[in-house]
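Chain by chain, the residues:
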Amino acid sequence: MAKFKHNSFLDTVDEVFSDAIKSGVLHLYSEDSAFTGRHIRIGDQDLYHFGTTGYLGLEQDPRLKLAAIDAIEKYGTQFPLSKSYVSFVLYRALEERLFRMYNNPIVVTKNSTLGHIGVIPCAVRDEDGVIIDHQAHWSMHNACQLLKPRGIPVELIRHSNLDMLEDKIKELSRKCDKIWYMADGIYSMYGDCAPIPELMYLYKKYPQLHLYFDDVHGMSWVGKNGTGYVMDQLKTLPERVLLFGTLSKSFGASGAVLVTSDPEMHRRIKTFGGPLTFSAQLEPASVAAACASADIHLSDEIYRMQQELADNILYFNVLLSHTDLPLLERNNCPVFYIGTGMPVTGYNFVNRLMKEGFFVNLGIYPGVPVKNTGVRLTISRHNQRAEMKALVEAMVYHYPKALAETETTMNKVRRAFHLPIPEQSKDIAMVREDMQVQYETSIEAIDKNYWNEWMGKKSVFDWDGLRFLEQVFCSNEKEEHNWTFHYFIIRDKQSNTLIVTFFCRACWKDDMLAPAAVSRQIEEKRQQNPYYLTSTVLGMGSLFSEGDHCYINKTYPAWNDALRLLLDRVEILDESLRTSMIVLRDFQPDESLNEFFHNQGFIKVDMPESCVVENMEWNTHEEYLSLLSARSRKHFRSDIQPYENYFDIEHKQTTDAAEIHHFYTLYENVRSRNYDLNTFTFPEKLFTAMASHPQWEFIVLYLKNEHDTRAERKAVGVMFCYKNLDYTYVPSFIGMDYDYIQQYQLYRQLLYQTIRRARQLNFRKIDFGMTASFEKKKVGATVTPKVAYVQPKDNFSFELIGGIQNKPVGQ
């Protein structure tokens, strides 16, 4: 299988966001003439506001407003001078108040994003290492990118996975001075909390461990003086812990605050902290409002406000407890997340709630995994019990309707979020009276002529080719050499074929499609553990094949319903097989398919171009050259034709065991160097089976005796070729001796000899696959763009798959 191109992160997010914008749930504008916090006006509708992050409602407190107005009257709209020179007069008052709140040295920053950019590169030294939670806020992930050019290792762990964290600590402790673990206090999408007691256990166990928390969503509504969730858990701030709080959100003003109990760390960061030095300082109105808010936090009034919010949260939790809505995290946090699973279900549910008069946020990729789309609700002091009750009633009414309209079920949603499924609730496969599904686990259960009519003449997955693969990839010693095959055919009531496809369950390396530099690092760890970072994948087609693995009859008016029926059955199969990811492969770019698959919870990933030679109507060398471009003819005459006479070229249907082993060694030479496509090796049994199968042959290149100084005559190159229905010639894999590859232009010669052999046998087409398209175009191949659709169980695996290293999480 060829390597996926590494999509630009922005391109991926652009497609996802564009669908949400088109659905009317993202990039909206408020139309309020005045704002109270309880309502928000979207379009011509006043909605109850259940999307704010101002949990205590302090942004509407008259004392903060008057302080901001007074500061503007006295000092203007900004103080245009770097803090390195002079801080605005009210900064000292704010810093003194914040010090009293935390009883520790603090640094005020413009916002938490710029704060992390300033603090992280300053706090983390060249000899340190970083471990960051997968769902930590984007601003920390982004700041950590600045560490990588300095050679500082930045390791990712699955969300709140303490075993993985401890393994990384042990690993980094051998080569790093300090080890920093970065996490949120309260995670902004699901509303779950960092496991502070468990982290403090590791903190005490490993003296190298330093903790770095972003607690902006835990600020004000909990803790002594409103200092947040982390401080409420810790009580006092240990020396090896850095903490970020916010002066916006629940605090009601603007800005952020770093807290540290280490005086030297505080001095160093405040002296020179990147954007803390060069960026503009907070505006007078923001500083004044923050001072007014800090006065409230330092008074007993903050506890009354916290209790009012806690009462609202408790009431909302009680209301939800009497429903079967899939709430992800039930705690005392003001953030609630109701899972919808597929994006299209989320769009439908949000729009229904807005029509009922409630504004809520959509949780969408990349803030959450694409199949974990949902509705994020926030509770504030602004909300009143009557509207909270009305919201829950609206959700209870509309949630099943959103599921039904988007053809999904509660069990599917619960399964996507790993929530318990009631024992009496059985999975029922989607049924359509106008369609029927045939599912088989062996190609032998399907009529040979029928399969070849729809899927023959492609790659190696005609009927005989699949039977060959089934026989090879079973009963092997190693896990990665054992695959299961799954065939789906969907017909209408008149037995017209709508969809034909097949899938394989197989063990993949998680980094198979990741950047080569990532794979090289991971392979070092696989020297001790061969299955480090590997997963079971349900993939369309197989790891052995390339091409159009799915026939879709798009002339059928309800083709998308047929495809939805297929995905329903694939999802049920995936659950029974317990895989980590579903991959739908090798589609030509198609906007209708792209929108359809995204709405079903898949992310499009660009693949390399497919290379095919279809013009085989030539008889002489000159006629072949006439089909090439002028540049390709020049390439042929300089890099291919002069080297042909160095080789003896043989076409072998079979050979002895010793040469098969040598062919396998040549294949391994190529595979083991291809970190761009980091796969497991195939079993040697595969190549032995080729030598006894009538549809396989070997194009073998030997150096002529006068050019070969070795004592034993051995092949220097081999192409493993499949003959598909006397129509398509498929050079599936290649093997080469790298001692001769440059001197004799070995790879290019093998490409040309493959074309010659296909023409000699009167094949109509050559499927050259997806790698090395630049070289294949030179010998006459045409290229077609290809895409895949990926549904990982979490974003962690998708980052390895797509090579996306700095995705945002949270808001």
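The rules behind these values
Residues numbered from 1 in each chain as written. Predicted model: local features only at pLDDT ≥ 70, side-chain atom pairs only at ≥ 80, totals over all residues. Heavy atoms only, no water. Helix = DSSP H or I, 4+ residues; strand = E, 2+ residues; numbered from the N terminus. Rg over C-alpha atoms; globule rule 2.2 N^0.38 Å. Buried < 20%, exposed > 50% of the residue type's maximum accessible area, 1.4 Å probe, protein only. Contact = heavy atoms within 4.5 Å. Areas by Shrake-Rupley, 256 points an atom, 1.4 Å probe, with all protein chains shown as cover. Lys, Arg positive; Asp, Glu negative; His and termini not counted. Charge placed at Lys NZ, Arg CZ, Asp CG, Glu CD. pLDDT = per-residue confidence, 0-100. Pairing = 2+ DSSP bridges. Axes fitted to C-alpha atoms, helices over the stretch in contact; angles between N-to-C directions. Core = buried A, V, L, I, M, F, W, Y, C linked by side-chain atoms within 4.5 Å. Parallel < 35°, antiparallel > 145°, perpendicular 65-115°, else oblique. Left-handed = near helix turned anticlockwise from the far one by under 90°. Phe/Tyr/Trp six-rings, centres within 6.5 Å; stacked < 30°, edge-to-face > 60°. Salt bridge = Lys/Arg side-chain N within 4 Å of Asp/Glu carboxyl O.

## Examining the overall build of the protein
Here is step 1 of the chain: The number of helices and strands found in the protein is 27 helices and 26 strands.
Here is step 2 of the chain: A globule of 811 residues ought to have a C-alpha radius of gyration of about 28 Å, and the protein, at 31 Å, matches this closely.
Here is step 3 of the chain: Taking the principal axes of the C-alpha coordinates as reference, the protein spans close to 90 × 65 × 50 Å.
Here is step 4 of the chain: In the protein, which comprises 811 residues, the share counted as buried stands at 61%.
Here is step 5 of the chain: Looking at the protein alone, contacts between residues at least 24 apart form 76% of all its contacts between residues at least 6 apart.
Here is step 6 of the chain: With an accessible surface of roughly 33100 Å², the protein has 49% of that area assigned to carbon and sulfur atoms.
Here is step 7 of the chain: In the protein, 89 positive and 102 negative side-chain charges are present, and the distance between their average locations comes to 2 Å.

## Here we look at the confidence of the model for the protein
Here is step 1 of the chain: Chain-level statistics for the protein give a pLDDT mean of 92 and a share of 96% at 70 or above.
Here is step 2 of the chain: Note on residues 1-6: pLDDT is under 50 here. Beyond four places in sequence and across chains, it has 38 contacts.
Here is step 3 of the chain: Contacts from residues 801-811, a stretch scored under 50 in pLDDT, to residues over four places away or in other chains number 50 contacts.

## Details of the sheet that holds strand E9 (residues 256-260)
Here is step 1 of the chain: Strand order in the open sheet made by the 7 strands is E3-E9-E8-E7-E6-E4-E5, with mixed pairing throughout. Of all strands in the sheet, those with a lone pairing partner are strand E3 (106-109) and strand E5 (154-157), marking the two edges. In this sheet, adjacent strand axes meet at a mean angle of 20° when their direction is disregarded.
Here is step 2 of the chain: One ladder, built from 4 bridges, connects strand E7 (residues 209-214) with strand E8 (residues 241-246); its direction is parallel. Paired with Phe-213 across the bridge in E8 is Leu-243.
Here is step 3 of the chain: Against the sheet, helix H7 (residues 196-205) engages strand E6 (179-184), E7 and E8, with an angle of about 155° to E7.

## Details of the sheet that holds strand E1 (residues 39-42)
Here is step 1 of the chain: Read from one edge of the open sheet, 3 strands run E1-E2-E11, paired in mixed fashion. With partners counted over all chains shown, the strands left at the sheet margins are E1 and strand E11 (358-359), one partner each.
Here is step 2 of the chain: Bridge count between E1 and strand E2 (residues 45-49): 4 bridges; the pairing is antiparallel. Counterpart to His-39 in the pairing with E2 is Tyr-48.
Here is step 3 of the chain: Here helix H13 (residues 343-355) sits on the sheet and contacts E1, E2 and E11; the angle it forms with E2, its principal contact strand, is near 110°.

## Re the nonpolar core
Here is step 1 of the chain: Among the nonpolar cores identified, the biggest contains 144 residues, and Tyr-181, Met-182, Phe-213, Phe-316 and Met-395 are the most heavily contacted of them.
Here is step 2 of the chain: Here this core takes 9 residues from helix H11 (residues 284-297), the largest share from any one element.

## Notes on the packing of helix H4 (residues 112-123) against helix H9 (residues 263-271)
A pair of packed helices is characterised by two quantities: the angle between their axes and the separation of those axes.
Here is step 1 of the chain: Where H4 meets H9, the closest approach of the two axes is 10 Å, and the angle between their N-to-C directions is 125°. One finds that H4 runs oblique with respect to H9. Crossing angle aside, the handedness with which H4 passes H9 is right-handed. Facing H4, whose interface residues are Val-119, Cys-122 and Ala-123, H9 presents Met-265, Arg-268 and Ile-269.

## Some details on helix H20 (residues 591-599)
Three- or four-residue spacings in an α-helix give side chains the same orientation, since the helix completes a turn every 3.6 residues.
Here is step 1 of the chain: Taken residue by residue, H20 has Leu-593, Asn-594, Phe-596, Phe-597, His-598 and Asn-599 as its buried positions.
Here is step 2 of the chain: Taken from the residues just after H20, Gly-601 is the one with a positive phi, measuring 100°.

## Notes on the packing of aromatic side chains
Here is step 1 of the chain: Evaluated as defined, the whole model comprises 52 aromatic pairs.
Here is step 2 of the chain: Measuring from ring centre to ring centre gives 5.6 Å for Phe-468 and Trp-696, while their planes differ by 45°; the resulting arrangement is tilted. Of this pair, Phe-468 sits in helix H17 (residues 463-472) while Trp-696 is found in strand E22 (residues 696-703), placing the two residues 228 residues apart along the sequence.
Here is step 3 of the chain: Since its relative accessible area comes to 1%, Trp-696 is described here as buried.

## Looking at the side chain of Lys-458
Here is step 1 of the chain: Topologically, Lys-458 is positioned in the loop between helix H16 (448-455) and H17.
Here is step 2 of the chain: The charged side chain of Lys-458 is buried without a salt bridge, its nearest counter-charge being Asp-548 at 5.1 Å.
Here is step 3 of the chain: Here Lys-458 is in contact with Asp-548, Asn-724 and Asp-767, once residues within four sequence places are set aside.

## Comments concerning unusual backbone geometry
Here is step 1 of the chain: A cis amide bond, omega 10°, links Tyr-365 with the succeeding residue Pro-366.
Here is step 2 of the chain: Along the chain, Pro-366 turns up in the loop between strand E12 (361-363) and strand E13 (373-378).
Here is step 3 of the chain: Positive phi is not limited to glycine here, since Asn-103 has a value of about 55°.
Here is step 4 of the chain: Within the chain, Ser-495 stands out as a residue other than glycine whose phi angle is a positive 70°.
Here is step 5 of the chain: Mapped onto the fold, Ser-495 is located in the loop between strand E15 (484-492) and strand E16 (497-509).

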